[in-house]
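# Tertiary structure, described
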Amino acid sequence: MANESRTNRHKKEPQEKTKKTAPKKKKGKKSVHSIIGKIFLALLFLGCILFLAGVALFAYYIRDTPKLTNSALDATVSSQLYAANNENFIDIGTENRVKIDPTDVPEQLADAIVSIEDKRFYKHIGVDPIRIVGSAISNIFKGTKQGGSTLTQQLVKLSYFSTNEEDQTFKRKAQEAWLSVQLERKKSKQEILTYYINKVYMANGVYGIETASETYYGKSLKELTLAQTALLAGLPNAPSYYNPYVNPDAAKSRRDLVLQAMLDNKKISQAEYEAAVKSDVSDGLQKLATTDSNWKYYDNYIKQVKEEVKEKTGKDIDTAGLKVYTNLNIDAQKQLYTIVNSDEYVSYPDSEMQVASTLIDVTSGKVVAQIGGRNIPEDTRLGTNLAVSTQRDFGSTVKPITDYGPAFQYLHYSTGRYITDEPYNYENSSTALKNWDNLYYGTLTLRRALALSRNVPAAKLFADVGVDDITTFLKGLGIEYKSISQANAITSNTEQDGTKYGVSSLKMAAAYAAFANGGTYYKPQYVNKIVFPDGTEKTYSAEGKKAMDAGTAYMITDILKDVISGLGNNAAINGLYQAGKTGTSNYTDEQLAQITSPYSVYPDTTFVGYTPHYSMAVWIGYNNILDPVTSQSAHVATDVYRELMTYVSSSVENTDWEMPDDLIRVGNELYFKGTYQAPVQSSTTIQQSSSTSSTSSSSSSTSESSSSSSTSSSEEAESSSSTESSTNTTPSSSISSSSEEQQSSSSSSSENQ
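This structure is a prediction, so every number in the text was calculated from the model and none was measured.

The secondary structure content of the protein amounts to 21 helices and 25 strands. Buried residues in the protein amount to 53% of all 753 residues. Sequence-distant contacts in the protein: of pairs separated by 6 or more residues, those separated by 24 or more amount to 71%. As displayed, the protein offers around 34,100 Å² of accessible surface, 50% of which is attributable to carbon and sulfur atoms.

Under the definition given, this model contains 15 aromatic pairs. Measuring from ring centre to ring centre gives 4.9 Å for Y201 and Y207, while their planes differ by 50°; the resulting arrangement is tilted. Ring geometry for Y301 and Y526: centres 5.2 Å apart, planes at 75°, overall edge-to-face. With Y301 in helix α12 (residues 295-313) and Y526 in the loop between β13 (520-522) and β14 (527-531), this residue pair connects regions lying 225 residues apart in the sequence. For the pair formed by Y301 and Y526, the shared burial category is buried. The ring of F121 has K189 lying over it, and the distance from NZ or CZ to the ring centre is 4.7 Å. In this structure, R454 is placed above the aromatic ring of Y441, and the distance from its NZ or CZ to the ring centre is 3.7 Å.

Taken in spatial order, the five strands make up an open sheet running β2-β1-β3-β14-β15, and their pairing is mixed. In this open sheet, the two strands that pair with only one neighbour each are β2 (88-92) and β15 (537-539). On average, each strand axis in the sheet is tilted by 15° relative to the strand beside it, whichever way the strands run. Strand direction decides the pairing type here: strand β3 (residues 323-326) and β14, joined by four bridges, are antiparallel. Residue pairing in the sheet places T326 in a bridge with V527 of β14. Packing of α12 onto the sheet brings it into contact with β1 (79-82), β2, β3 and β14, and relative to β2 it is tilted by some 70°.

Attention now moves to the nonpolar core. Counting residues in hydrophobic clusters, the biggest one holds 126 residues, and the most contacted among them are I401, M508 and V640. A per-element tally of this core places helix α18 (residues 505-516) first, with 10 residues. Beyond its immediate sequence surroundings of up to four residues, I401 is in contact with P406, F473, L474, L477, I479, M508, A511, Y512 and F515. In terms of nonpolar packing, the next biggest core, distinct from the first, is built from 54 residues, Y242, A250, A261 and L263 among them.

What follows is about the layout of surface pockets. Size it by volume and the second largest pocket reaches roughly 800 Å³. Lining of the second largest pocket is provided by 29 residues; of these, E311, Y521, K523, P524 and Q525 occupy positions nearest its centre. For the lining of the second largest pocket, the elements supplying multiple residues, two or more each, are α12, α17 (467-476), α18, β13 and β16 (544-546). Per element, the largest residue contribution to the lining of the second largest pocket is five residues, and it comes from α12. A class-by-class count of the residues in the lining of the second largest pocket yields 10 nonpolar, nine polar and 10 charged.

How each quantity is defined
- Residues numbered from 1 in each chain as written.
- Predicted model: local features only at pLDDT ≥ 70, side-chain atom pairs only at ≥ 80, totals over all residues.
- Heavy atoms only, no water.
- Helix = DSSP H or I, 4+ residues; strand = E, 2+ residues; numbered from the N terminus.
- Buried < 20%, exposed > 50% of the residue type's maximum accessible area, 1.4 Å probe, protein only.
- Contact = heavy atoms within 4.5 Å.
- Areas by Shrake-Rupley, 256 points an atom, 1.4 Å probe, with all protein chains shown as cover.
- Phe/Tyr/Trp six-rings, centres within 6.5 Å; stacked < 30°, edge-to-face > 60°.
- Lys NZ or Arg CZ within 6 Å of the ring centre and 35° of its normal.
- Pairing = 2+ DSSP bridges.
- Axes fitted to C-alpha atoms, helices over the stretch in contact; angles between N-to-C directions.
- Core = buried A, V, L, I, M, F, W, Y, C linked by side-chain atoms within 4.5 Å.
- 1 Å grid on protein atoms, 1.4 Å probe; cavity = no way out; pocket = protein on both sides within 12 Å on 5 of 7 lines; lining within 4 Å.
- Points joined across faces, edges and corners; volume = space filled by probe spheres on them.
- Nonpolar A, V, L, I, M, F, W, Y, C, P; charged D, E, K, R; others polar.

Below, the structure written as C-alpha cells:
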C-alpha cells in the first residue's frame with residue numbers, strides 16, 4: 001500500500017506541475033493582447049493627429065483660393081509678344097471665339113469628351129477618389145502616366161492655374177480640388193462641360209471646340225461626322241502634338257483612341273467605330289485662313305520663342321497669359337522676309353530653293369532676326385524652322401571653328417606659319433583627302449590656306465590639335481557633335497543610326513559672334529523678360545563665357561577679312577568692316593550618278609559673315625537633297641547675307657576691330673607675343689592630281705616671309721561663277737573660285753567642303 005501510495009504520488013506530480021504552469025500561459029496571452037491593443041490605440045491616435053493636421057493644412061492652403069467667377073471660367077488666357085523696341089508685334093490667343101450654349105452641345109461631342117477625359121463625370125462631385133486611386137495603381141503597376149483630374153478640375157486648372165506639371169504643388173492641388181467641389185455645387189454638369197468646350201486650346205491659335213469646328217471643317221459641331229468629332233475631342237490633351245495639319249499620324253492615333261473609348265463606354269456601336277477609324281484623318285479639313293497678316297513674318301521666330309519660354313519657365317505661351325519681351329528687330333525681320341521671299345533683292349533660280357538664316361547681336365547673343373524657309377504658305381503656324389535644323393552640311397565654314405581657331409588657341413600657331421598642301425590620307429587610313437580642284441599648292445601660310453579654303457591643311461591642323469582640344473573648343477562655342485573625327489575638319493556632318501547631325505545657321509552665327517566680339521560666347525537668346533499674370537516678372541540677361549583668347553579671335557577675323565575680298569567677294573559691302581567664310585558641301589558618287597547638270601553641283605551652299613555688331617549665317621539648298629544648287633546659283637547665300645547686312649549696318653557705327661595686346665604684327669602676319677621666329681625660305685608648287693599621275697602645272701620659287709605672301713600662277717583655278725570671278729586684291733593671294741572647295745566626283749563621300 002505504501003508503495004502504491006508512493007507510486008500514485010509520483011504519477012500525480014506531473015499533473016500538479018501542469019496546473020501550476022497553465023496560469024503563466026494565460027498571463028502571456030493577455031500581455032500580447034495588451035501590446036497589440038496599445039499599438040492599435042497609438043496608431044489610431046496618430047491617425048487622428050495626421051488627419052487633423054491634414055485638415056488644418058488643407059484649410060491653410062485654401063484660405064487664399066481664388067473666387068469662382070463667370071468671367072474667369074469663360075475667358076481665354078492669351079499671351080502678348082513684344083519686340084526689342086517694346087512694340088507688341090503679335091497676340092497669341094486673342095482670336096475671335098465662337099461660343100455655344102449648354103443646349104447647343106451635340107450629344108455626340110459630349111459622349112466623346114466624357115468617354116476619353118472623365119467617364120465618371122456625371123457621378124462625381126468635382127473630384128473623383130475612385131479615379132485618383134485607379135490612376136495611381138495604373139501608374140505604379142503598369143508604368144503608365146495617367147492623370148486623376150476630372151473634367152471639372154481641368155476647367156478650374158485652365159481658368160485659374162498653370163497646367164504645367166512642375167506647378168502642381170500640394171497647395172495648388174488643394175485649391176484646385178476645393179474650387180472643383182464648389183463649382184459642382186454652383187453649376188450644372190452641362191454648364192461645366194460647356195465652359196470646357198468653349199475654353200480649351202485647339203492648336204493653330206484656335207480656342208474653343210466650336211471655333212475649331214468652323215475653322216478646320218467649315219461647319220458647326222452639329223454637322224460633324226463621328227470621326228471629325230472624335231478628332232476634335234482628343235485635341236485638348238496635347239493640341240500642338242495632335243495638330244492634324246502638322247502631325248496627322250499622331251492626330252489619327254489620338255482620334256482612334258477617342259473612338260475606342262466611346263465604344264468601351266457604349267456610346268457608339270461596333271459598326272460605327274469600324275467605319276470611323278477607316279476614314280482618313282484629313283477628310284474635310286480646310287486650308288487654314290490666316291487671321292493675322294503679320295504672322296507670316298514671325299512664324300519661325302515665334303516657334304523658337306515658344307520653345308525658349310517653355311525651357312525657361314515650363315509654361316506654354318498659348319495658354320499661360322504671359323507678356324513675353326523678345327529680342328526681335330521688327331524692321332530687320334521684315335526685311336529678311338522680303339529678301340528671301342521676293343525677287344526684289346536676290347535672283348533665285350526657282351521657287352523651290354530654300355533659305356535659312358539667323359542674325360545675332362555679337363555683344364549679347366540676342367537673336368535679332370531669323371527665317372527658316374522660303375515661300376512657306378502664309379497660313380502656316382509654327383512650321384519647320386530650317387534655321388535651327390542641324391541636318392544639313394555647312395561645309396568649309398567650320399574650318400575657322402574646328403581647325404584654325406583651336407590651332408591658334410592651343411598651339412599658338414601664327415597666321416604666318418607654313419603648312420604644306422600636298423597629297424594626303426586621313427590619319428590611320430588609306431582614304432585620300434583631296435582639294436576641290438584636285439590641285440595642291442605646296443607650302444603656304446596658314447593665312448593663305450584658310451583664305452583659299454584648302455582641305456588638306458585644315459585636316460593637318462585637326463591632327464595637330466587633336467580631338468580632345470577641338471571638342472573642348474567647339475563646346476565653348478555651343479557646338480557638340482554626337483561623334484567627331486578628322487573628317488569634321490572640313491564638314492559639319494556626323495551620322496548616327498542613319499541620321500545626320502551637325503550645326504545650324506543659329507549655331508554658326510553664335511559661334512562666329514565670338515570671333516567678332518573678341519572671344520566671348522553668348523548662348524543664342526530670343527527672350528529677355530517675361531511678365532506673369534500675377535504681375536511678377538523674370539529678366540534674362542546675357543551671360544557670356546570666354547571661349548578663346550582675344551588674340552585667337554582677332555587672328556581668325558584678320559584672315560576672314562581676306563575672304564571677303566577674295567573667294568567671298570560677292571558678300572562685300574563697300575566701306576563696311578566685315579569678315580566671313582564661304583562653304584559648300586559634296587555629293588557622294590551614288591548621289592552624283594542620279595543628277596544631270598551641265599554645271600558644278602552642291603547639296604548645300606553657305607556663308608557666315610560678321611561685323612563688330614552683327615553675325616549672320618545663311619544656308620541655301622533644297623528640301624530634296626538631290627535637287628542641287630549649281631555653280632550658277634551658288635551666289636544666293638552671299639546675296640542674302642549682303643542685302644540684310646547692308647540694311648542693318650546702316651544704323652550702327654562702322655568701326656574696325658582693334659588688335660589685342662597679346663598679338664604682334666610682322667608685315668602682314670600675326671603672332672602671339674614671344675612666339676615670332678623669322679621663317680625659312682620655301683617653294684610653292686601646284687600639282688595636278690589624278691588617278692594615274694601627278695603633274696606639276698606651275699611652280700615658282702618665292703619667299704613667303706612674314707612681310708609678304710606669294711602671288712599665285714595665272715594657271716591656278718579661276719572662278720566658274722560670275723559673282724565670284726574677281727581677282728583677290730588682298731596681299732595674301734590672287735586665287736578666286738566660287739566653288740572653292742568643290743571636289744571631283746571621284747572623291748570620298750566624307751570629303752565635304
